[in-house]
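# Geometric and topological summary
Here are the chains, one letter per residue:
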Amino acid sequence: MVELRIPGPTPCPPEVLQAMTKQMIDHRGKEFGQIFTDVTDKLKQLFQTKNDLFILTGSGTGGMEAAVVNTLSPGDRVLAVSIGAFGDRFANIAKAFGADVVPLQFELGKPADPDVIRRTLREDAAIKAVLVTHNETSTGVTNDLAAISKVVKEFDKLLMVDAISSLGSLDLPVDEWHCDVAISGSQKGWMVPPGLTMVSFSQEAWRAHAQAKMPRFYWDFTQAKNFLARGGQTPWTPAVATVYAFSAALNILAEEGLPNIVARHARIGKKVRNGVKALGLKLLADEKYASNTVTAVWPPEGVDPGNLRRVLREKHQVVLAGGQGKLDGKIFRIGHLGWVDEANIERVLLCLKLTLEEIAPVKAQQTVK
Ligand SMILES: *Cc1c(COP(=O)(O)O)cnc(C)c1O
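Now for a look at the structure at hand. What you are looking at is a predicted structure, and each value in this text was computed from that prediction instead of being measured.

What counts and what doesn't
Residues numbered from 1 in each chain as written. Predicted model: local features only at pLDDT ≥ 70, side-chain atom pairs only at ≥ 80, totals over all residues. Heavy atoms only, no water. Helix = DSSP H or I, 4+ residues; strand = E, 2+ residues; numbered from the N terminus. Core = buried A, V, L, I, M, F, W, Y, C linked by side-chain atoms within 4.5 Å. Buried < 20%, exposed > 50% of the residue type's maximum accessible area, 1.4 Å probe, protein only. Domains from an automatic or database assignment. Contact = heavy atoms within 4.5 Å. Axes fitted to C-alpha atoms, helices over the stretch in contact; angles between N-to-C directions. Parallel < 35°, antiparallel > 145°, perpendicular 65-115°, else oblique. Left-handed = near helix turned anticlockwise from the far one by under 90°. Nonpolar A, V, L, I, M, F, W, Y, C, P; charged D, E, K, R; others polar.

## Focus: unusual backbone geometry
Omega for the peptide link from glycine 8 to proline 9 comes to -5 degrees, which places this bond in the cis form. Mapped onto the secondary structure, proline 9 falls in the loop between strand E1 (3–5) and helix H1 (14–19). The backbone of glutamine 48 shows a phi angle near 55 degrees, a positive value even though the residue is not glycine. The residue glutamine 48 is located in the loop between helix H2 (30–47) and strand E2 (52–57) in this model. In this model, histidine 178 sits at a positive phi of 50 degrees, which is unusual for a non-glycine residue.

If you want it as structure tokens, here you go:
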């Protein structure tokens, strides 16, 4: 069996796949409305929020765009905190819709420094909103969002969080950390196929929405809210089969319980990091901030990560991800979110060891016990 260990799409349990084979129903009918309302309510619990939450048909990037266009106007000054490719993407979306983006980039592998954010906000009073990535999937770093949130709220700015690869896997109490907008995507830790993005939206975000003039149609939250209030409808046809899948996945997640889910990801994350280091490989991330959902790894010197991944895939059926942006061709990444346990990681580590021995025999013998 293929061991898919990329940071999304992630493997889906059989019950989730089975749920997708159910016949289509009227998306304006009572049955769908009940399922959609139930999925929305259960997601709010896992987001740890009482805010509005919208399930939109699109990928995570669509959710990021929805966050931007529903809260901002062209010319609004926005601080875009970036620690990698997905932070850059958030900034680029805001730029594309005419925001006056102030980029704040940190070194790859490092988290954002809350003190630098504080200094920036103090010196630039015109900033209205802060965009930040909770878990930077391209580098395997988790920002200290609690600390960042505190700073952002010292200055009373709108906080918009890309939590696409963290929500449902890492602890992110959306209300306690005052996230005005928090975004996730079905194909990450939720064990659901791609197709849905979920966005929570606070009262403060609604106040911004009332003034926001960026062009929007498909993503308009006024529409989403009005339709949701009609017994669980969406303005446009939703990805019905993916909603079925979500409903099944949420039952599995509820059975495990959020504290156990978070603890499992912490345990697995540590196992991956320790295992990779035991093979003599170096992590990209500052280990204090290493992500429990994805690990970015430098290959041994002289080993092409593309070749390493090819051998892993073709010979061992283990599928890992490559690098993105500036890290393309330089690193490889192991996804460990969603439907994953110790046995999956043991297989990945064993196959990685065998592959390294095969393609870098001298190095591997020196470092592998
Ligand atoms: C996967 C991911 C995205 C993009 O999601 P798509 O579903 O591919 O549009 C954005 N941000 C982060 C942190 C991600 O992990």
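From this point, the narrative continues.
## Examining the nonpolar core
Membership of the largest hydrophobic core comes to 57 residues, with the highest contact counts inside it found for Leu43 and Trp190. Here the element with the most residues in this core is helix H9 (residues 240–256); it accounts for nine residues. Domain assignment of the residues forming this core places at least three in each of domain 1 (3–7 + 258–367) and domain 2 (14–254). Ignoring anything within four residues of it in the chain, the contact list for tryptophan 190 reads Leu43, Leu46, Phe47, Leu167, Gly168, Ser184, Gly185, Met198, Phe246, Ala249 and Leu253.

## A closer look at the packing of helix H5 (residues 114–123) against helix H6 (residues 145–154)
Following both chains from N to C, one finds H5 and H6 inclined at 15 degrees, their axes separated by 9 Å at the closest point. The orientation of H5 relative to H6 falls into the category roughly parallel. As H5 runs across H6, the sense of the crossing is right-handed. In contact with Pro114, Ile117, Arg118 and Leu121 of H5, H6 contributes Ala147, Ile148, Val151, Val152 and Glu154. Class assignment of the residues belonging to the contact of H5 with H6 gives a composition of seven nonpolar, no polar and two charged.

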